[in-house]
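What follows is each chain in one-letter form.
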Amino acid sequence: MKNHVTNVATHYKGKCFHWDVVNEALNEDGTFRSSVFYNTIGPAYIPIAFAAAAAADPSAKLYYNDYNLDGPGAKSTAAQNIVKMIKAYGAKIDGVGSQAHLIVGSTPSQANQVANINAFVNLGVEFAITELDIRTTTPITSSAYAQQAKDYAATVGACAAVDKCVGVTIWDYTDKYSWIPSVFDGQGSALPWDENLQKKPEIYDAILSALGPVPSGTTPASSSTSPSGTALPATAVKWGQCGGIGWTGPTVCASGSTCTKQNEWYSQCL
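I will try to describe carefully the structure that is included in this document.

### Some words on the overall build of the protein
Next, step 1: Secondary structure assignment for the protein yields seven helices and 13 strands.
Next, step 2: When the 270 residues of the protein are sorted by exposure, 49% land in the buried category.
Next, step 3: For the protein, long-range pairs separated by at least 24 residues make up 65% of all intrachain contacts whose partners lie at least 6 apart in sequence.

Quick look at the structure:
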C-alpha cells in the first residue's frame with residue numbers, strides 16, 4: 001500500500017489532485033498480489049485503508065491506482081470489483097487511476113478505452129490517466145512515430161470523450177528523464193518532448209487535437225506557430241500550460257482562469 005500524490009498532470013476538466021490510497025494491488029489475471037497487508041488481513045485491507053485515509057483527510061480525493069487497466073479485461077474487471085468492495089464496506093472512494101504505460105502499436109483502440117473508462121465511471125467514481133507514456137523500440141522509425149501519434153490521440157481522446165475522466169498525467173514529459181530505458185532494454189522515445197527538451201510536433205499536435213477544440217471566447221494567434229507550422233492559440237485554455245522554462249506558447253489564460261506557477265518548468269491556467 002503506497003500513499004503518494006501523482007506527478008504534474010495535464011488537467012482540463014477540473015482540479016484532480018488526489019491521494020493514491022492503494023496502489024497496484026492486483027496481478028495480471030485479476031487476483032490479489034501478495035503483500036504483508038493482504039497476507040495478514042485479506043482483501044479487507046483495501047476498504048480499511050480507504051476508511052483510514054478519509055478519516056485523516058476528509059477533503060482529499062481518494063483513488064485506487066494500477067497499471068494495465070487501459071482496456072477491458074480480467075485486471076480491469078478486478079479493479080472495478082475493488083471499487084464495489086470499498087463501497088460495500090461503506091468507505092469513501094472517489095476515483096480510479098490507470099497508469100497507462102503503453103506500447104506503440106499495441107495501445108487499445110479509442111473505442112475500447114472509452115468502453116473501459118465508462119465501466120468505471122458507471123460505478124460512481126472518477127477516472128484519471130495517471131502515468132501516460134507510449135514506448136517503442138529505439139531508435140524510433142518514422143512509421144513508429146506516426147503510429148505513436150495515433151496512439152496518444154486514442155488515449156487522450158478516450159479520456160476527453162468521457163465527462164468523468166478528469167485528467168491525463170504524462171510520466172515524465174521528456175525522454176531525457178524517462179524511466180523506460182533503464183527498465184526495458186532497447187525501448188524508449190515514449191514522451192512528447194525528446195532528450196533535448198524539444199517538442200515532438202506530431203505527438204504534441206495529436207494530443208492537442210484529441211483534447212478538443214479551443215473553447216469559445218479564445219482567438220487563434222496570427223503569428224505564433226508550433227514547430228510543425230500549426231497555429232497556436234493566443235490565449236491558453238483553462239487547465240492548459242501558460243508558462244515555464246522553454247515555454248513558447250500563450251501566457252495569457254482564458255477568462256475565468258489565472259496562470260499559476262507549479263514549478264520552474266510548468267505554469268498552468270487554473
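### With respect to the packing of aromatic side chains
Next, step 1: All chains considered together, the criterion is met by six aromatic pairs.
Next, step 2: Here a set of aromatic residues connected by ring pairs shows up, and it is made of Y173, W193 and Y204.
Next, step 3: Directly above the ring of F184 sits R135, whose terminal nitrogen or CZ lies 3.8 Å from the centroid.
Next, step 4: The ring of Y204 is capped by K199, whose NZ or CZ atom sits 4.0 Å from the centre of that ring.

### Some details on the nonpolar core
Next, step 1: Residues V22, I46, F50, Y64, F127, L132 and Y152 are the most contacted members of the largest nonpolar core, which totals 52 residues.
Next, step 2: Not counting the four nearest positions on each side in its chain, Y152 is found in contact with L132, D133, I134, G157, I170, A190, L191, P192, I203 and I207.

### Let's talk about the packing of helix α5 (residues 142-161) against helix α7 (residues 201-211)
Next, step 1: Direction vectors running N to C along α5 and α7 enclose 20°, while the axes themselves pass 8 Å from each other. Relative to α7, α5 is oriented roughly parallel. Crossing of α5 over α7 shows right-handed handedness. For the pair α5 and α7, the contacting residues are Y145, Q148, A149, Y152, A153, V156, G157 and A160 in the first and P201, E202, I203, A206, I207, A210 and L211 in the second.
Next, step 2: Here the contact of α5 with α7 is built from residues that sort into 12 nonpolar, two polar and one charged.

### Structural notes on the sheet that holds strand β12 (residues 259-263)
Next, step 1: The strand order across the open sheet built from three strands is β11-β13-β12, with neighbouring strands paired in antiparallel fashion. A strand with exactly one partner marks an edge of an open sheet, and here the two such strands are β11 (241-243) and β12. The average undirected angle you get between the axes of adjacent strands in this sheet is 45°.
Next, step 2: Two elements, β11 and strand β13 (residues 266-269), share two bridges in a ladder whose sense is antiparallel.

### Here we look at the pattern of salt bridges
Next, step 1: The final tally for this structure, using the stated rule, is seven salt bridges.
Next, step 2: D94 is the partner of K92 in a salt bridge, and the nearest nitrogen-oxygen pair spans 3.6 Å.
Next, step 3: Exposure remark for K92: the relative accessible area of 28% places this residue in the partly exposed category.
Next, step 4: D94 gets classed as partly exposed once you look at its relative accessible area, which sits at 21%.
Next, step 5: With a shortest N-O distance of 2.8 Å, E264 and K261 are connected by a salt bridge.
Next, step 6: One salt-bridge network, in which partners are shared between bridges, spans E28, D66 and K75.

### Observations concerning the state of the cysteines
A covalent bond between the sulfur atoms of two cysteines is referred to as a disulfide.
Next, step 1: Applying the stated criterion across every chain yields a total of three disulfides.
Next, step 2: Covalent S-S linkage joins C159 and C165, the inter-sulfur distance amounting to 2.0 Å. Taking the sign of the S-S torsion, about -100° here, the bridge from C159 to C165 comes out left-handed. The same class applies to C159 and to C165, which are both buried.
Next, step 3: With a sulfur-sulfur separation of 2.0 Å, C242 is cross-linked through a disulfide to C259. Disulfide C242-C259: the torsion about the S-S bond is 95°, which places it as right-handed. With C242 in strand β11 and C259 in strand β12, this residue pair connects regions lying 17 residues apart in the sequence.
Next, step 4: Look at the protein and number its bonded cysteines as they come in the sequence; the links are 1-2, 3-5, 4-6.

Reading the values: rules and limits
- Residues numbered from 1 in each chain as written.
- Predicted model: local features only at pLDDT ≥ 70, side-chain atom pairs only at ≥ 80, totals over all residues.
- Heavy atoms only, no water.
- Helix = DSSP H or I, 4+ residues; strand = E, 2+ residues; numbered from the N terminus.
- Buried < 20%, exposed > 50% of the residue type's maximum accessible area, 1.4 Å probe, protein only.
- Contact = heavy atoms within 4.5 Å.
- Phe/Tyr/Trp six-rings, centres within 6.5 Å; stacked < 30°, edge-to-face > 60°.
- Lys NZ or Arg CZ within 6 Å of the ring centre and 35° of its normal.
- Core = buried A, V, L, I, M, F, W, Y, C linked by side-chain atoms within 4.5 Å.
- Axes fitted to C-alpha atoms, helices over the stretch in contact; angles between N-to-C directions.
- Parallel < 35°, antiparallel > 145°, perpendicular 65-115°, else oblique.
- Left-handed = near helix turned anticlockwise from the far one by under 90°.
- Nonpolar A, V, L, I, M, F, W, Y, C, P; charged D, E, K, R; others polar.
- Pairing = 2+ DSSP bridges.
- Salt bridge = Lys/Arg side-chain N within 4 Å of Asp/Glu carboxyl O.
- Disulfide = S-S within 2.5 Å.

Fair warning: the whole summary comes from geometry, so function is off the table for now.
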